[in-house]
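Spelled out from the first residue to the last, the chains are:
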Amino acid sequence: MIEIVEQIILAIQRDVPAYSRPLEGDFGAAVRQGVEVALSRLLLELPGRQEPALTRSDRVVYQQLGRGEARTGRPLEALLSAYRIGARVAFRTTSRVAVEEGLDPTVLLPLGESIFVYVDELSATSVEAFADEQFRQVGERDRRRGALLELMVSGRADEAELRTQAASAEWVIPSEIIVAVVPLDDADGLRIALGERALVRLRAEHAVAVIPAPVGKRSRTDIDKALGGRRAWVGPVRSWTRAADSLRAALAGIELEPDALGRESGSHGRETGARWVQDHLATLVMGADRELMGDLARLRLAPLDGLRDSQRQRLAETLFAWLRHQGERNKVAAELHIHPQTVGYRVAQLREVFGDLLDDPQGRFELEMVLRAGHR
């Protein structure tokens, strides 16, 4: 049997490129053990006996081979090819011996059948172990990548620690990143959509993704496409060691009043899809201290307090459009879908309510600020 073992190993090295190197160390020992176990079962134990093709100890051998392939990163096809080659060599060698000994060729039929059954069984065992190991590796890598993301956005780790964690998580470090925040109910399939280069972590309220910064317009378009249909905010570009800053800006975007965002001049906002912080910087800066902005809004919009709710809303809407269009009546009318004469009538009401404040540059600036921030 030793001669057949050597023939099988030589054939595997010759015909399977992945195993062309000398079969040494733990890997070589595992392959040799697999061949010896197979031959022992096929030639000495199985013929004429009604037993399972693989015993419990047999399964352990071929599970280890399958796991070993997953750990080395080789495709499983190399191992399965080795099994088929080993079976072919074993059958050819035993057939030649049988003929030389003058045995009836029909005695080879049960052996051939046993070989086919045995190869199927050990292949299935290795495939299962290979898949389990891959699943375990993916789960472990995802856990490490999630931990890396949390470390990055915490802002508390130095670069050396981050690099160590990135290497452990098998994450290629980009020079710059952006951080996207997506509500949990829009986060299904986010990791797949963003691809392997992104880190994704589900939190209590949002999914957070660290993404290599786009280079050029096309890359930004790719991110928009990946986030399409999701209510996402994308933070500004930062060094990969400053992910916490990008996350903070993205979270500030989520907290924006929808009305303030929708009315921002030059806004690229949509009902769904990625909103980029860099497109809404003025609105975000104005909303940085919401309490103080609320104080300013109560002060500047106080003249409207005595009006009916419907009248207050109508005049505030007109005032916002009038300020943004610098008093151009036709543009205000087009935006509000009213007649220019109606605009003139409302502006007259506004002047009556606000008085000289509408002629004061600082006053107009502060009014526009609070209206952009969504106060009415």
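Up top is the structure.
Residues numbered from 1 in each chain as written. Predicted model: local features only at pLDDT ≥ 70, side-chain atom pairs only at ≥ 80, totals over all residues. Heavy atoms only, no water.

Caption draft 1: Region of interest: the nonpolar core. Leu319, Phe354, Leu367 and Leu371 are the most contacted members of the largest nonpolar core, which has 27 residues in total. Mapped onto this core, the elements with two or more residues apiece are α12 (290-300), α13 (309-324), α14 (329-336), α15 (340-354) and α16 (361-372). The dominant element in this core, judged by the number of residues it contributes, is α13, at 7 residues. Those residues within four positions of Leu367 in sequence are excluded, and the remaining contacts are Arg300, Leu301, Leu319, Leu323, Phe354, Leu357 and Leu358. (Core = buried A, V, L, I, M, F, W, Y, C linked by side-chain atoms within 4.5 Å. Buried < 20%, exposed > 50% of the residue type's maximum accessible area, 1.4 Å probe, protein only. Helix = DSSP H or I, 4+ residues; strand = E, 2+ residues; numbered from the N terminus. Contact = heavy atoms within 4.5 Å.)

Caption draft 2: Geometry of helix α9 (residues 243-254). Under the 1.5 Å per step criterion, the end-to-end length of α9 is 17 Å for 12 residues, consistent within 8% with the ideal 16 Å. Burial in α9 covers these residues: Ala243, Ala244, Ser246, Leu247, Ala249, Ala250 and Gly253. (Expected span 1.5 Å × (residues − 1).)

Caption draft 3: Geometry of unusual backbone geometry. Of note in this structure, Glu170 is not a glycine but carries a positive phi near 55 degrees. With relative accessibility at 54%, the residue Glu170 sits in the exposed group. Look at Gln326: it is not a glycine, yet its phi comes out positive at around 50 degrees. Here Gln326 is to be found in the loop between α13 and α14.

Caption draft 4: Spatial organisation of the packing of α13 against α14. For the pair α13 and α14, the least separation of the axes is 9 Å and the interaxial angle reads 135 degrees. The angle between α13 and α14 places the two elements in the oblique class. Two packed elements cross with a definite hand, and for α13 against α14 that hand is right-handed. Contacts from Glu317, Thr318, Ala321, Trp322 and Arg324 of α13 reach α14 at Val332, Glu335 and Leu336. Of the residues contributing to the contact of α13 with α14, the split by class is 4 nonpolar, 1 polar and 3 charged. (Axes fitted to C-alpha atoms, helices over the stretch in contact; angles between N-to-C directions. Parallel < 35°, antiparallel > 145°, perpendicular 65-115°, else oblique. Left-handed = near helix turned anticlockwise from the far one by under 90°. Nonpolar A, V, L, I, M, F, W, Y, C, P; charged D, E, K, R; others polar.)

Caption draft 5: Quick peek at the packing of aromatic side chains. For the structure shown, the criterion picks out 1 aromatic pair. On the basis of an interplanar angle of 85 degrees and a centroid distance of 5.9 Å, the ring pair of Tyr62 and Tyr83 is categorised as edge-to-face. Taken together, the residues Tyr62 in helix α3 (residues 56-72) and Tyr83 in helix α4 (residues 77-100) connect sequence positions 21 residues apart. Taking the relative accessible area as the measure of exposure, Tyr83 reaches 10% and is therefore buried. Above the face of the Phe320 ring, Arg324 is positioned so that its terminal group lies 4.5 Å from the ring centre. (Phe/Tyr/Trp six-rings, centres within 6.5 Å; stacked < 30°, edge-to-face > 60°. Lys NZ or Arg CZ within 6 Å of the ring centre and 35° of its normal.)

Caption draft 6: Fine view of the side chain of Arg312. Along the chain, Arg312 falls in helix α13. Ignoring anything within four residues of it in the chain, the contact list for Arg312 reads Leu301, Leu304, Asp305, Leu307 and Arg376.

Caption draft 7: The arrangement of the packing of α12 against α16 in detail. The N-to-C vectors of α12 and α16 enclose an angle of 120 degrees; their axes lie 9 Å apart at closest approach. With respect to their mutual orientation, α12 and α16 come out oblique. As for the relative orientation of α12 and α16, their crossing is left-handed in sense. Together, Met293, Leu296, Ala297 and Arg300 of α12 and Glu366, Leu367, Met369 and Val370 of α16 make up the contact between the two elements. Taken together, the residues that form the contact of α12 with α16 break down as 6 nonpolar, no polar and 2 charged.

Caption draft 8: Here's a closer look at the environment of Glu161. Take Glu161: it is sitting in helix α6 (residues 159-168). In this structure, the C-alpha to C-alpha distance between Glu161 and Leu148, residues 13 residues apart in sequence, is 9.8 Å.

Caption draft 9: Layout of the environment of Gly327. Relative to the assigned elements, Gly327 resides in the loop between α13 and α14. Linking Gly327 and Gly344, residues 17 residues apart in sequence, is a C-alpha distance of 9.9 Å.

Caption draft 10: View of the pairing of strand β2 (residues 199-202). Across 4 bridges, the pairing between β2 and strand β3 (residues 206-212) is antiparallel. If you follow Val200 over to β3, its bridge partner there is Ala209. The antiparallel hairpin formed by β2 and β3 contains 3 residues in its connecting segment. (Pairing = 2+ DSSP bridges.)

Caption draft 11: Layout of α14. Val332, Ala333 and Leu336 are the residues of α14 that are buried. Down the axis of α14, the buried side of the element spans an arc of 100 degrees, and every buried residue falls inside it. Exposed residues pointing more than 90 degrees away from the buried face of α14 are listed as Asn330 and Ala334. Looking at the buried positions of α14, the neighbouring elements they touch are α13 and α15. Positive backbone phi, at 60 degrees, marks His337, one or two positions downstream of α14. (Arc of directions from axis to C-beta.)

Caption draft 12: Representation of the pattern of salt bridges in the model. Under the counting rule described, the total for this entry stands at 25 salt bridges. Between Glu128 and Arg59 there is a salt bridge; the shortest N-O distance is 3.7 Å. Placement of the pair is Glu128 in helix α5 (residues 108-154) and Arg59 in helix α3, with a sequence separation of 69 residues. For Glu128, a relative accessible area of 45% corresponds to the partly exposed category. The partner of Glu150 in a salt bridge is Arg203, with the nearest N and O atoms 2.8 Å apart. A residue pair is termed long-range when its members are at least 10 positions apart, and Glu150 in helix α5 and Arg203 in the loop between β2 and β3 qualify at 53 residues. Salt bridges sharing partners connect three or more residues here, namely Glu140, Arg143 and Arg144. (Salt bridge = Lys/Arg side-chain N within 4 Å of Asp/Glu carboxyl O.)

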